[in-house]
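Chain residues, written in single-letter form:
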Amino acid sequence: LKIETTIIDNLKKNNQYYVSARHNIRYEEINISSDGTQTEAYVVPTWEIKLYSSTTKQCVAYIPPTELPQTIYLEKTSSGWIITAIAYDDSQESLWVACPN
């Protein structure tokens, strides 16, 4: 949450916002604890992200559909499964490019 809050604060300071769209997700490995209360899922979603100016509403940068591997940690509660953490694979660096027309 701290990371996401920092990202949002930085976007606000720069008068920007982004819109992301997940195109698909591939589930590669799911491990459930022996007592069935915790799960670790290695997934590879494909995201497309557009960065906009809050002032002009124009796209200023773009990440084309890109696979962003991650491990999602879940815990079973009385109201269902909740995500407790997400660890992103840092081996890939997002490359911003010019916006598509």
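This text follows the structure it describes.
Cut-offs applied
- Residues numbered from 1 in each chain as written.
- Predicted model: local features only at pLDDT ≥ 70, side-chain atom pairs only at ≥ 80, totals over all residues.
- Heavy atoms only, no water.
- Helix = DSSP H or I, 4+ residues; strand = E, 2+ residues; numbered from the N terminus.
- Buried < 20%, exposed > 50% of the residue type's maximum accessible area, 1.4 Å probe, protein only.
- Contact = heavy atoms within 4.5 Å.
- Disulfide = S-S within 2.5 Å.
- Phe/Tyr/Trp six-rings, centres within 6.5 Å; stacked < 30°, edge-to-face > 60°.
- Pairing = 2+ DSSP bridges.
- Salt bridge = Lys/Arg side-chain N within 4 Å of Asp/Glu carboxyl O.

Draft legend 1. The arrangement of the side chain of Thr 71 in detail. Structurally, Thr 71 can be placed in strand 4 (residues 70–77). Residue Thr 71 is classed as buried on the basis of its relative accessible area of 15%. Each residue touching Thr 71, except ones within four places of it in the same chain, is listed here: Glu 40, Ala 41, Tyr 42, Ala 85, Ile 86 and Ala 87.

Draft legend 2. Structural detail: the state of the cysteines. What the rule picks out here adds up to 1 disulfide. The partner cysteine of Cys 59 in its disulfide is Cys 99, sulfur to sulfur 2.1 Å. On the S-S bond that ties Cys 59 to Cys 99, the torsion sits near -80 degrees, and the link is left-handed. Of this pair, Cys 59 sits in strand 3 (residues 59–67) while Cys 99 sits in the segment after strand 5 (80–88), and the two are 40 residues apart along the sequence.

Draft legend 3. A look at the packing of aromatic side chains. Within the structure shown, the criterion is met by 1 aromatic pair. Measuring from centroid to centroid gives 5.3 Å for Tyr 17 and Tyr 52, while their planes differ by 15 degrees, and the two rings are stacked. Within this pair, whereas Tyr 17 is found in strand 1 (residues 16–32), its partner Tyr 52 is found in strand 2 (residues 38–53), the two being separated by 35 residues in sequence. Classification of Tyr 52 by relative accessible area gives buried; the value is 18%.

Draft legend 4. A look at the pairing of strand 3. Sheet analysis places strand 2 next to strand 3, joined by 6 bridges and oriented antiparallel. Looking at the pairing, Thr 46 lines up with Glu 67 of strand 3. Linking two consecutive strands that pair antiparallel, namely strand 2 and strand 3, is a turn of 5 residues; a positive phi of about 65 degrees is found at Lys 57 within it.

Draft legend 5. Expanded view of the pattern of salt bridges. Scanning the entire structure with this criterion turns up 2 salt bridges. In this structure, Glu 28 and Arg 26 form a salt bridge, with 2.7 Å as the shortest nitrogen-oxygen distance. Among the residues examined, Glu 28 registers a relative accessible area of 44% and is labelled partly exposed. For Arg 26, a relative accessible area of 36% translates into the label partly exposed. The network of salt bridges with common partners includes Arg 26, Glu 28 and Glu 67.

Remember, this is a structural readout, not a statement about activity or role.
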